[in-house]
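Descriptive analysis of the structure
Each chain is listed here by its residues.
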Amino acid sequence: MWRRGFGTGSHASALHALKEKKWDALVIGGGHNGLTAAAYLAREGLSVAVLERRHVIGGAAVTEELIPGFKFSRCSYLQSLLRPSVISELELARHGMKLLKRNPSSFTPCLDGRYLLLGPNKELNHSEISKFSKRDADAYPRYESQLERFCKLMDPLLDSSPPESSQGISSLQDRLKNKVHNSVFWTRLLHQAASLGQKDMVDFMDLLLSPASKVLNNWFETDVLKATLATDAVIGSTASVSTPGSGYVLLHHVMGETDGDRGIWSYVEGGMGSVSMAISNAASEAGAHIVTSAEVSQLIVDDSGKVNGVLLADGTVVQSSSILSNATPYKTFMELVPQNVLPDDFTRAIKYSDYSSATTKINLAVDKLPEFHCCNSIYPGSGPQHTGTIHIGSESMEEIDSACQDAVNGLPSRRPVIEMTIPSVLDKTISPPGKHVINLFIQYTPYNPSDGRWDDPAYRELFALRCFNLIDEYAPGFSSSVIGYDMLTPPDLEREIGLTGGNIFHGAMGLDSLFLMRPVKGWSNYRTPLAGLYLCGSGAHPGGGVMGAPGRNAAKLVLEDFKKK
């Protein structure tokens, strides 16, 4: 299904080619950001090799056929955040990426027989919310448009390197250039902030600092609407809707776009691995050399304190003086960099960053669509309830809080918060006719539960059945439709995909871990204290999600540094 050792034939010859020369740049990890960085570097004429530990490329944006005939997007499962600049500059549509828009995009069933559909259609949103509250129906467009204004303020931040201080740059010319660059950056940002106006600016600060529950309570009165929107604020985190600072994650609701339509999340034909494959096709076309089953065990550092290459797990030495790591900050600095090379304060900051996770992903093969009792008589068979994200177990923000509190107490949620998606409703390439692929993104599941172990098959099955039984409450008979499933708990995500702590963002996305503080203070612009080593994954600015921005931004910085050599 996936090619191995692109452009080189056998795996042995791919490894042999790696040893033949000193590369201009090496990328550790063939996730979407690493592939993005490789594509941009190769397009500028650099010789680039990508070293992927697993047998498939993609990292967390991967498609795998684990049950014959069923292709699972094993980790990430929706596309919206991929930067428009990456899509257009790398010509990803030409390289095979096809987006499938979802309309409606959200469905929340209620146990009392009611339901809420939401999507890009403003008339649908108004009529659906009006079933619960006319006031909320009128407020909803204002809520969305305010979030969109805030996103426009943040957009330029995503596509540029943070304005970091000099980091030991020695020449006067470089220091002056750095000061001018930073002054221009802050001037532009202040100008944009001023254009918002004081009221919006105060509301923006409120959104950044407040719990999501406070923000949503101030806007709406309907529990099911608030809970549906609140899931955006806790996705992939250990936080609750009442955690201060969770409000800004509500911006995810409108932050992304599909084909220029803001806030539209889409499926990708062939699964999320098709995003990684399109980027890898762009990189390969530009001359990048991509090798799978090539695990890096350590960086090689010369006597002058600069990187000089990597040592693979099989003993192969690959030489380069520019290395971009798409691994997590913890993996990169605590495991791949030799000991006693990095400053103590830097390693301490990396070591004690928050890599916690409470996320489990279950991918299912089923023999029929779930039949939700709240709308089965209106939409029998396949209907609008199946096209978007289906919110299970989140009819109120209190339910989300309760599920989170279980995890705080060391237990997997008794009534988990589940985001269900059924991509095979729109994508006919990933399942046999009449059968379907279902993704369950589940919270909250502690890394080390106090009542059992995730490596105990009976314990794992018990939790999976808890999730299926919860879905049964809304869609009777769901459990009996399951043909088979693949389950990734936080330790599985760490072991299989390389996500430290199982954190899908390569580290928490709290306000203390963003922008100039990502991954740590003083090193937010992809450079590291080790000369020649750069960070290009989600652990760098602007953070997690299938965005491509860290890879693109890091590559631009490497090219700048390359010109100075």
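Residues numbered from 1 in each chain as written. Predicted model: local features only at pLDDT ≥ 70, side-chain atom pairs only at ≥ 80, totals over all residues. Heavy atoms only, no water.

Comments concerning the overall build of the protein
Test applied: Starting at the N terminus, helices and strands are each numbered in turn, a helix being any DSSP run of H or I of at least four residues and a strand any DSSP run of E of at least two. Radius of gyration: over C-alpha atoms. The globule rule applied is 2.2 Å multiplied by the number of residues raised to the 0.38 power. Exposure categories follow from relative accessible area, calculated using a 1.4 Å probe and restricted to protein chains: below 20% of the type maximum is buried, above 50% is exposed, and the middle band is partly exposed. Contacts were defined at the residue level, with two residues in contact if any of their heavy atoms lie within 4.5 Å. Under the convention used here, a 1.4 Å probe and the Shrake-Rupley method define accessible areas, while residue burial counts only the protein chains that appear.
For the protein, the helix and strand inventory stands at 17 helices and 22 strands. In terms of C-alpha radius of gyration, the protein reaches 23 Å, essentially the compact-globule figure of 24 Å for 565 residues. With the C-alpha coordinates of the protein rotated into their principal frame, the extents come out at 70 × 55 × 45 Å. Buried positions account for 59% of the 565 residues belonging to the protein. Summarising the internal contacts of the protein: among those between residues at least 6 apart in sequence, 73% fall at separations of at least 24. Total accessible area computed for the protein in this model is approximately 22000 Å², and 53% of it derives from carbon and sulfur atoms.

Quick word on the pairing of strand β20 (residues 436-443)
Most of β20 is tucked away: eight of the eight residues are buried. Neither face of β20 is open: one carries H436, I438, L440 and I442, the other V437, N439, F441 and Q443, and all of them are buried.

A closer look at the pairing of strand β19 (residues 417-421)
Regular strands place side chains that alternate from one sheet face to the opposite one. We apply this condition: Strand pairing follows a simple DSSP-based rule, namely that at least 2 bridges must link the two strands.
Counting buried residues in β19 gives five out of five residues, a clear majority hidden from the surface. Here β19 shows a buried face lined by V417, E419 and T421 and a second buried face lined by I418 and M420. Across three bridges, the pairing between strand β18 (residues 389-392) and β19 is antiparallel. By the bridge assignment, I390 is partnered in β19 with M420. In this sheet, β20 lies alongside β19 in antiparallel orientation, the contact comprising five bridges. Along β20, the bridge assignment pairs I418 with I442.

Examining the pattern of salt bridges
Convention followed: The working definition used for a salt bridge is a side-chain nitrogen of Lys or Arg within 4 Å of a carboxyl oxygen of Asp or Glu.
Evaluated as defined, the whole model comprises 27 salt bridges. For R54, the salt bridge goes to E64, with nearest N and O atoms at 3.1 Å. Of this pair, R54 sits in the loop between β3 (48-51) and β4 (63-67) while E64 sits in strand β4, and the two are ten residues apart along the sequence. In this structure, R54 and E64 share a single accessibility class: buried. Two residues, D561 and K564, come together in a salt bridge whose shortest N-O distance is 3.6 Å. Of this pair, D561 and K564 are both found in helix α17 (residues 549-564), three residues apart, which corresponds to roughly one turn of the helix. The exposure class of D561 is buried, given its relative accessible area of 12%.

Things to note about empty space enclosed by the protein
Just so we agree on the cut-off: Cavities and pockets are found on a 1 Å grid laid over the protein atoms alone: a cavity is a set of points where a 1.4 Å probe fits but cannot escape, a pocket is an open set with protein on both sides within 12 Å along at least five of seven lines, and a lining residue has an atom within 4 Å of such a point. Grid points are joined across faces, edges and corners, and a volume is the space filled by probe spheres set on the points. Polar here means any residue outside two lists: the nonpolar Ala, Val, Leu, Ile, Met, Phe, Trp, Tyr, Cys and Pro, and the charged Asp, Glu, Lys and Arg; Gly therefore counts as polar.
Per the stated rule, a full pass over the model turns up three cavities of 30 Å³ or more. As for the largest cavity, its lining consists of 13 residues, of which S73, Y77, V268, G271 and P423 are closest to the centre. Of all elements in the fold, only β5 (70-73), β11 (266-268) and β20 reach the threshold of two or more residues within the lining of the largest cavity. No other element matches the three residues that β5 contributes to the lining of the largest cavity. The residue inventory of the lining of the largest cavity, partitioned by class, reads eight nonpolar, three polar and two charged. The computed volume of the second largest cavity comes to approximately 40 Å³.

Digging into the side chain of S213
The residue S213 is located in helix α8 (residues 212-219) in this model. S213 has contacts with V241, S242 and M397, leaving out every residue within four places of it along the chain.

Quick notes on a nonpolar patch on the surface
We count it as follows: Patch building starts from residues that exceed 30% relative accessible area and form no salt bridge, then joins like charges within 9 Å and nonpolar side chains (Val, Leu, Ile, Met, Phe, Trp, Tyr) within 5 Å.
Together, M205, L209 and L511 give the surface a local cluster of nonpolar side chains, amounting to about 250 Å² of exposed area. Along the chain, the position of M205 falls in helix α7 (residues 198-209). According to the relative accessible area criterion, M205 is partly exposed, its value standing at 37%.

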